[in-house]
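# Notes for the structure review
One letter stands for each residue in the lines below.
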Amino acid sequence: MAPPHQRLDADDLRVLLTHDSDAFNRWDAAQRLAQQAVLGALQQQVPLHLDVATIDALRSVLRHGGLDPALKAQILT
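Everything in this summary refers to the structure shown in the same document. As the structure is a computational prediction, the values presented were derived from the model and not from experiment.

Reading the values: rules and limits
Starting from 1, residues in each chain are numbered consecutively following that chain's sequence as written. Reporting in this predicted model follows two pLDDT cut-offs: at least 70 for local features of residues, and 80 or more for side-chain atom pairs to be given and counted; totals over whole chains, interfaces and linings ignore these cut-offs and use all residues. Excluding hydrogens and water, the side-chain figures rest on all heavy atoms present in the structure. Runs of H or I in DSSP of at least four residues are treated as helices and runs of E of at least two as strands, each being numbered from the N terminus. Put simply, the radius of gyration uses C-alpha atoms, and a globule should come to 2.2 Å times the residue count raised to 0.38. For each residue, the accessible area found with a 1.4 Å probe, counting protein chains only, is set against the maximum for its type, and the residue is called buried under 20%, exposed over 50%, and partly exposed in between. Definition of a polar contact: a pair of N or O atoms within 3.5 Å, with one able to donate and the other able to accept a hydrogen when the atoms are protein atoms, and with sequence-neighbouring residues admitted only if both atoms are side-chain atoms. Residues count as neighbours in contact if any of their non-hydrogen atoms are within 4.5 Å of one another. Each aromatic pair joins two rings of Phe, Tyr and Trp (for Trp, the six-membered one) with centres within 6.5 Å, and gets the label stacked for planes under 30 degrees apart, edge-to-face for over 60, and tilted for any other angle. Here, a salt bridge means any Lys or Arg side-chain nitrogen found within 4 Å of an Asp or Glu carboxyl oxygen.

### Focus: the overall build of the protein
- When helices and strands are counted, the protein shows four helices and zero strands.
- Taken from the N to the C terminus, the helices and strands of the protein come in the order α-α-α-α.
- Taken over the C-alpha trace, the protein has a radius of gyration of 13 Å; the compact-globule value for 77 residues is 11 Å, and the two agree within 12%.
- Considering only C-alpha atoms, the protein reaches an extent of 40 × 30 × 20 Å along its principal axes.

### Focus on the side chain of R14
- As for its placement among the helices and strands, R14 is situated in helix α1 (residues 10–19).
- Using a relative accessible area of 12% as the deciding quantity, one classes R14 as buried.
- Polar side-chain contacts of R14 include one of 2.9 Å to the side chain of T54.
- Not counting residues up to four positions away in its chain, the partners in contact with R14 are L33, D51, A53, T54 and A57.

### Structural notes on the packing of aromatic side chains
- Scanning all chains against the criterion turns up one aromatic pair.
- Where F24 meets W27, the ring centres are 5.5 Å apart and the plane angle is 40 degrees; that geometry is what we call tilted. Of the two residues, F24 and W27 are both situated in helix α2 (residues 23–44); the distance of three residues between them amounts to about one turn of the helix.
- Of the residues examined, W27 reaches a relative accessible area of 29% and is grouped as partly exposed.

### Observations regarding the pattern of salt bridges
- Enumeration over the complete set of coordinates arrives at four salt bridges.
- The residue D56 makes a salt bridge to R59 at a minimum N-O spacing of 2.6 Å. Of this pair, D56 and R59 both sit in helix α3 (residues 52–63), separated by three residues, roughly a single helical turn.
- A relative accessible area of 38% places D56 in the partly exposed class.
- When its relative accessible area of 34% is taken as the criterion, R59 is described as partly exposed.
- Through salt bridges with shared partners, one network takes in D11, R14 and D51.

Structural measurements only, silent on function.
Here is the structure:
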């Protein structure tokens, strides 16, 4: 059985990225979303494409007034 954090789908990860109070969880969610997108594009042999929901979640990170700019940079890296 996979650990709970590995069973999160893209919707769950976007919620964590947008709303979690723990900085590491936000960063980890962004990394997992990016990994899913890259691996999906490679497996399907198509150009990398981020869906609108993921772009909106990343945009929310940039617009969040309470997040440290360094954290924003790490999340988006």
